[in-house]
Amino acid sequence: MRKALKPILITLLALGVLTGGAVFLLTGSNGTSDEFAGRIAGEQNDQGNNRAYRYDTDKGAVPLLTSGENKNVLNFDSKTPYQVSASNEARARLDRLIKRTKATLKTPIIAANPFGTNENTFYFYFETGYRSMIRYTVMVADESIYDHVRYANNGKEDNLSQVHEFVVGGLVPGMTNYIRIEALDSTGACRESETYKYDVPASQMPNHLTMEQGRSEELCENGLFFVFPEKDSRIYAYDNAGVLRDVVKTESSHGKRIYQSGDCVLYQVSDTKVARVSAIGRVTGTAQLSGYGKIRDFAYDGYEYIYCLGRKKKRDCLVAVSLQSGKSREVFSFPKGVRTVSLTAPEAGGLYLACQNPRGLVKLDALTGKKPFVSFVLGRKNDWKKAGWKKKAAEDKTALRWDLAAATLNLVEGRPEGKAGISAYVADNGKGTGLSFAVDEKKKTVEVKNSFPVGKGGACGCQVFGRHFVISSLSGGNYEEYDREGNVTRQFSLGSPMTGVVKLSLNGMCFYGGE
């Protein structure tokens, strides 16, 4: 009996190890593998040539219907999308429905743009009986448009959860779009899937931008280009292939800038209002600038306050507006004659401002204190005499060449300790140049890290994005992404003037990057 029992125990032990290994893979206890993470990044790059569309895709797709007898999509009243109360009401309605419905991948809760902020998007909610991550693929019959693949971010460990709430974007206007939703295990294997189809209304902007391949051997960084057309109040997001993938609605105007901060984005929705919007399109806060004219530029402190550049009684002013209470506080009133054009996001209690008159770069400190003050200036001393900041001015030879009259400042991540990293497009000795530079506050000098003397004139932009640079010609209506060697990866043309171009990854917000 003992001899017979021994091989049985060994067999049971081996089965236990195998079973444990399978559970280990399915639960993702070891995290996302490097191979899978690389696959996720590659699929979400929008530069592949994969096409999931097949001749029988239409036959098996479930139509998304917002009306009629077979209606399967909820409609929401979104006449006032940028009021927090309206977003809260939509959220409450969804929560009530979730509570009384047992939604599955085969029978999900679907709502058409429930918060009214992103056109051509669908909200999904369902649960699975196992921990999984969701991948959705947007495809069309047009062979010139490749698939748009995204892994929905659920905020859980290894992006695995039994509860799934996300918004499907990336639908191409003016075409029949097919949406395949898949529930994957921790290895990326599909457990179950469903395919839908929807005819998207046409857009005012081109579906596919004119694109030229550059000389760089590198691919564009993962992300979307948010384009701000001059004569359109909406914000348009184009992918790395120049395909229109999102249309962001505003109240009346869009400004020139959009920020990603954690799990939300912030952008102007009118000349005097900024909104904070979550990954599912819900408005979680607004900041209204009153009594200071139009917002000429704004920044976000990452917590509560929107810092706006405005003007009152012939003086430029920096005003902080709370996203929570809505209250405003005048942070600083500049001397008469000082004209500011742009500002960086606040960091360590201070921020930088580009000035048109007098010409230079100004550091404003102690933003949350009782008396914020200018700590130093990069510019000609005599130019800043009337402002009373002659002693604070430092005549750095490099910075003296720059004309910042049309510059939009951006902070650069990964800068050296004790130094501020900034990117901007300037007129350097009269020649248009995209710059990335470090500011040494102690020495009051600048060190140019990267320079792109591309010679574009007028209003332009320069943004450091990952390892690359996005340089845009706003009046010319085109933009390109450069590698660090100065070679273009891809160039795009909208064909009409813009007020801004900003690239965002939305990683960790809407999409999961596999980290």
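If you're wondering where the values come from, they're calculated on a predicted model, not measured in any experiment.

Draft legend 1. A look at a positive patch on the surface. Where like charges cluster on the molecular surface, the positive patch consists of Lys-71, Arg-93, Arg-96 and Arg-100. Under the relative-accessibility criterion, Arg-93 is labelled partly exposed at 33%.

Draft legend 2. Molecular detail of the state of the cysteines. Enumeration according to the criterion identifies zero disulfides in this entry. Free of any disulfide, Cys-220 has its nearest cysteine sulfur in Cys-462, 15 Å distant. Distance from the sulfur of Cys-460, which forms no disulfide, to the nearest cysteine sulfur (Cys-462) is 10.0 Å. You can call Cys-460 buried: its relative accessible area is 2%.

Draft legend 3. Structural view of helix H4 (residues 84-100). Along its 17 residues, H4 runs 25 Å from first to last C-alpha, staying within 8% of the 24 Å computed at 1.5 Å per residue. Burial in H4 covers these residues: Ser-87, Ala-90, Arg-91, Leu-94, Leu-97 and Ile-98. In a view along the axis of H4, the buried residues occupy a sector of 125 degrees, so they form one face of it. Residues of H4 that are exposed and point over 90 degrees away from its buried face: Glu-89, Lys-99 and Arg-100. In this structure, the buried residues of H4 make contact with strand E2 (109-112), strand E4 (122-139), strand E6 (161-168) and strand E16 (283-288).

Draft legend 4. Spatial organisation of the sheet that holds strand E34 (residues 488-493). If you trace the five strands from one edge of the open sheet to the other, you get E9-E34-E33-E32-E31, paired in antiparallel fashion. The open sheet has two edge strands with one neighbour each: strand E9 (210-213) and strand E31 (460-465). Strand after strand, the sheet turns through a mean of 15 degrees between neighbouring axes, direction not considered. Pairing of strand E33 (residues 478-482) with E34 involves five bridges; the strand directions are antiparallel. Across the sheet, the residue bridging to Glu-481 is Arg-490, located in E34.

Draft legend 5. Just the confidence of the model for the protein chain, in detail. Residue-level pLDDT values for the protein chain average 92, and 92% of them are 70 or greater. Every residue in residues 1-30 is under pLDDT 50, and counting partners more than four places away or in other chains gives 16 contacts.

Draft legend 6. View of the pattern of salt bridges. Tallied over the entire structure, the rule returns 25 salt bridges. With a shortest N-O distance of 3.0 Å, Lys-197 and Asp-58 are connected by a salt bridge. Separated by 139 residues along the polypeptide, Lys-197 in strand E8 (residues 190-199) and Asp-58 in helix H3 (residues 57-60) bring together distant segments of the chain. You can call Asp-58 partly exposed: its relative accessible area is 31%.

Draft legend 7. Quick peek at the environment of Asp-232. With respect to the element layout, Asp-232 can be found in the loop between strand E10 (224-229) and strand E11 (235-238). Once the C-alpha coordinates of Asp-232 and Gly-48 are considered, the two residues, 184 residues apart in sequence, prove to be 31 Å apart. Other than its neighbours up to four places away in sequence, Asp-232 contacts Gln-204, Met-205 and His-254. Of note is the side chain of Asp-232, whose polar atom sits 2.8 Å from the backbone nitrogen of Arg-234.

Draft legend 8. Examining the pairing of E8 more closely. Of the pairings in the sheet, the one linking strand E1 (residues 62-63) to E8 comprises two bridges and is parallel in character. By the bridge assignment, Pro-63 is partnered in E8 with Lys-197. Here strand E7 (residues 176-184) runs beside E8; their pairing, made up of nine bridges, is antiparallel. By the bridge assignment for E8, Leu-184 is matched with Cys-190. With antiparallel pairing between neighbouring strands as the criterion, E7 and E8 make up a hairpin whose turn holds five residues, including Gly-188 at a positive phi of roughly 95 degrees.

Quick notes on the rules
- Residues numbered from 1 in each chain as written.
- Predicted model: local features only at pLDDT ≥ 70, side-chain atom pairs only at ≥ 80, totals over all residues.
- Heavy atoms only, no water.
- Patch = residues over 30% accessible without salt bridge, like charges linked within 9 Å, V, L, I, M, F, W, Y side chains within 5 Å.
- Areas by Shrake-Rupley, 256 points an atom, 1.4 Å probe, with all protein chains shown as cover.
- Salt bridge = Lys/Arg side-chain N within 4 Å of Asp/Glu carboxyl O.
- Lys, Arg positive; Asp, Glu negative; His and termini not counted.
- Charge placed at Lys NZ, Arg CZ, Asp CG, Glu CD.
- Buried < 20%, exposed > 50% of the residue type's maximum accessible area, 1.4 Å probe, protein only.
- Disulfide = S-S within 2.5 Å.
- Helix = DSSP H or I, 4+ residues; strand = E, 2+ residues; numbered from the N terminus.
- Expected span 1.5 Å × (residues − 1).
- Arc of directions from axis to C-beta.
- Contact = heavy atoms within 4.5 Å.
- Pairing = 2+ DSSP bridges.
- Axes fitted to C-alpha atoms, helices over the stretch in contact; angles between N-to-C directions.
- pLDDT = per-residue confidence, 0-100.
- Polar contact = N/O pair within 3.5 Å; in protein donor to acceptor, adjacent residues only side chain to side chain.

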